[in-house]
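Coordinates in review
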Amino acid sequence: MNLAAGLLARVLAAGLVGCAPPALDLVAIAGDGGVEVVATRSLDRVTVHSEDGALVALRTMDPPTAHVFVPIALPPGSSGRVQGRTGSIASVASWHNPAAPGPVRLAIEVPLGQPQRPVRAGEVLDVPVPQGSRVPLALHLEALCPVEARVRVDGRTEDLGPIPPGAQRTVLGTLGSEDPVAVEVGISGTEAATFALRPRSLSATEAAGHLEIEDVRFPADAWGRAWRARRSDRVDLPSPWWHALLARAGLGIRARPDQAPWAWQAVTLTNTARTDLPVVLEAVVLDPSGTPAPAFRPRLREAEGGTGTVAALLSVPAGGSATAALPLFVDDDLLPAEASSWTRRIAVLPLGGDEALLVEERPLHARRGNTWATLGLLHALGSALVGLALLMARTGGWLRAARTSDLVTLALFGTLGFVASVASQLLGMAVGAILGPFSPLLTGLVDDVFRVALLATLVTLLPRPGTIALAVLLAFLMRGLAMGSFHPLDLVALGTSVAWLEGTLFLVGATRSPGWHDRSRWGRRIGLAVAFSVAGMASTLGNLAMSAVFYRLWYASWYVFALLALPSGIYMVLACWLAVPFADSLRRVEA
């Protein structure tokens, strides 16, 4: 029994260890310009404390990153600690800013374009270099007092002459993948400071094995954060006619210059090697034939040399990740009017090498503003204004002109419409979880058929203007109070429904012709079917346009046709077919 219990305890302990998140380790490098923190995991918060525990600096990162620099003035010879945090996991590392090593301060930038790293006499720095290539480097010297300096880099001597306090000098050189480079800095009156750069040769296969493209986000902002207000992998531009209208009217915002990117694409790389890996990221947009697309060619100072490629330098820290933001340019004049698709190709190359380590391809869809959506929105807003104005101007008169028995009938049918609407809404939630966007095609059999049958019956019993408007308004108010669904777009839907229902019923004669009841049953069925179908289609188109404009929901043409043909067409005809004989039977009972 004890053996079994011990075995179970070991299994549980091993499971807990296996499920634990990876450890968080920090390295803190201090200098007069601040503290550089390198972590094994991405950090979302870093705090810098002095030797006595006082808080010196606080920095939060969004998005989190494994390589953080906290700019702060640190006195020479000071010490302290850094705390890095990712979620609920924290780790602490110590930092020490040594006293200035004599009259000058040295920093090395290798490969060129990477962050400067302070260097001291006697150090040997390991530098990853692509196999068979050479990378540029720069030695930065800052004078702390008046000095005369001489720099010797890999056997080549450069005399810098007198340097005043606070001035800087830079010496350039190269570092190959095979031989180390010795650097000697001689200052008049002091012993020469010597350090070495030791290349760590990396083959393309080895470097590619340590790097991984963790994420590619588009669109993003200049800091690599996802741009939530725009749709993923898509470029949406206003219609050309809209641009022309604003230009002719002298309205709109200032035109975006050609050199400004439309957005950025953020590329996050992960490095599992023990040393930092400097890389070059190149991005280009290709057309279906595989050539750079002219509409996305960068135009900033012609720096891309006609290749259509943008590039960025990125140093991926050892055991961590880093993000680069690459601009994407869009030429409105070259973008086709119809929706089109391209391919975004992102290549990761070693700094100083030509062979791509990693290649990632993502789709890019582009389209201009939909003219039909704009016209649909104008139709919905215009119809809503007409319907709401009609309600505000005529509701009181309609109520005063109606008999008490008619008001009771209106209240009864309005309440039944509310019950049908709520039942359809609840049913739609359940069906929508299974059928998704196809649920209206099924729930319309309950909602549209029953609700329109009630309205068609009501207008047959009380064939005069205002009957449908009052019933729809009553159902809207009851639904809003019971379900809490008052929303500006609900008012647009209410106004659109009232305007089209009252208008179409008036045109077919259902609310204006004294001889409506004298028509044949077939004539009344056809008239009501035409009125409710036209009104239903108009309301559906308005709702789809508002969804496209306000919620960025775009629908396929066949789906729009299905909504118009079934819920707004066939279901309306079926409702009117059932309502007319039912209304006739009610009239006979009243008589």
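Each chain has its residues counted from 1, following the order in which its sequence is written. In keeping with the predicted nature of the model, local features appear solely for residues at pLDDT of at least 70, side-chain atom pairs appear and are counted solely at 80 or more, and the whole-chain, interface and lining totals rest on all residues. Computation of side-chain values covers all heavy atoms of the structure but excludes hydrogens and water.

So, the sheet that holds strand 9 (residues 134–143)
Following DSSP output, two strands are said to pair if at least two bridges run between them. Note on conventions: DSSP H or I runs of at least 4 residues are helices, E runs of at least 2 residues are strands, and numbering of each starts at the N terminus. Strand order in the open sheet made by the four strands is 7-6-9-12, with antiparallel pairing throughout. Two strands bound the open sheet, and with one partner strand each, they are strand 7 (117–118) and strand 12 (168–176). With nine bridges joining them, strand 9 and strand 12 adopt antiparallel strand pairing. What sits directly across from L139, in strand 12, is V171.

Quick word on the sheet that holds strand 11 (residues 156–163)
In space, the five strands of this open sheet follow the order 8-14-13-10-11, with mixed pairing throughout. Each of the sheet's edge strands pairs with one partner strand only, and the pair in question is strand 8 (124–130) and strand 11. Taken over all neighbouring pairs, the strand axes of this sheet differ in orientation by 20° on average, direction set aside. As defined by bridge partners, strand 10 (residues 147–153) adjoins strand 11 across seven bridges and the pair is classed as antiparallel. Counted as the bridge partner of V147 is I163 from strand 11. Each axis is a line fitted through C-alpha atoms, and for a helix only the stretch in contact is used; angles between axes span 0 to 180 degrees, taken between their N-to-C directions.

Digging into the packing of aromatic side chains
Ring geometry is summarised as follows: Phe, Tyr and Trp rings, the Trp one being its six-membered ring, pair when their centres sit within 6.5 Å, and such pairs are stacked at plane angles under 30 degrees, edge-to-face over 60 and tilted between the two. Inspection of every chain in the model, using the stated rule, returns six aromatic pairs. Ring plane angle 75° and centroid distance 4.8 Å describe the contact between W522 and W577, whose orientation is recorded as edge-to-face. Remark: W577 occurs in helix 11 (residues 557–590) and W522 occurs in helix 10 (residues 521–550); sequence separation between them is 55 residues. A simple rule labels every residue: compare its accessible area, found with a 1.4 Å probe on the protein chains alone, to the largest value its type can have, and call it buried under 20%, exposed over 50%, or partly exposed in between. W522 sits in the exposed class, given a relative accessible area of 52%. Residue W577 is classed as partly exposed on the basis of its relative accessible area of 37%. Through a chain of ring-to-ring contacts, the aromatic side chains of F438, W558 and Y559 assemble into a single cluster. In this structure, R525 packs its charged tip against the face of W577, placed 3.8 Å from the ring centre. Lysine and arginine charges are scored as sitting over a ring when NZ or CZ, respectively, is within 6 Å of the ring centre and within 35 degrees of the ring normal.

Here we look at the confidence of the model for the chain
Per residue, pLDDT captures the predictor's confidence, and it can take any value from 0 to 100. Averaged over the chain, the pLDDT score is 81; the fraction of residues at 70 or greater is 88%. Per-element confidence in the chain is highest for helix 9 (residues 488–508), whose mean pLDDT is 92, and lowest for helix 1 (residues 2–19), whose mean pLDDT is 41. Across residues 1–21, confidence stays below pLDDT 50; counting only partners more than four residues off in sequence or on other chains, it has two contacts. Only heavy atoms enter the contact rule, under which two residues are in contact if any of them lie within 4.5 Å.

So, the pattern of salt bridges
We define a salt bridge as a side-chain nitrogen of Lys or Arg found within 4 Å of a carboxyl oxygen belonging to Asp or Glu. Under the counting rule described, the total for this entry stands at 13 salt bridges. Residue D215 pairs with R217 through a salt bridge whose shortest N-O separation is 2.8 Å. The exposure class of D215 is partly exposed, given its relative accessible area of 26%. Between E360 and R362 there is a salt bridge, with the nearest N and O atoms lying 3.0 Å from each other. Residue classification places R362 among the partly exposed positions, given a relative accessible area of 24%.

Quick look at the nonpolar core
In these notes, a set of buried Ala, Val, Leu, Ile, Met, Phe, Trp, Tyr and Cys residues joined through side-chain atoms within 4.5 Å is what counts as a nonpolar core. Core analysis: the biggest nonpolar cluster contains 39 residues, and L505, L528 and F532 have the highest contact counts within it. Of all elements in the fold, only helix 4 (371–401), helix 5 (404–435), helix 7 (447–461), helix 8 (467–483), helix 9, helix 10 and helix 11 reach the threshold of two or more residues within this core. A per-element tally of this core places helix 7 first, with nine residues. Filtering out sequence-adjacent residues up to four positions away, L528 remains in contact with A456, V459, T460, L505, A510, W516, C576 and V580. If you look at the next biggest cluster of nonpolar residues, it comprises 28 residues, including V119, L125, V151 and L160.

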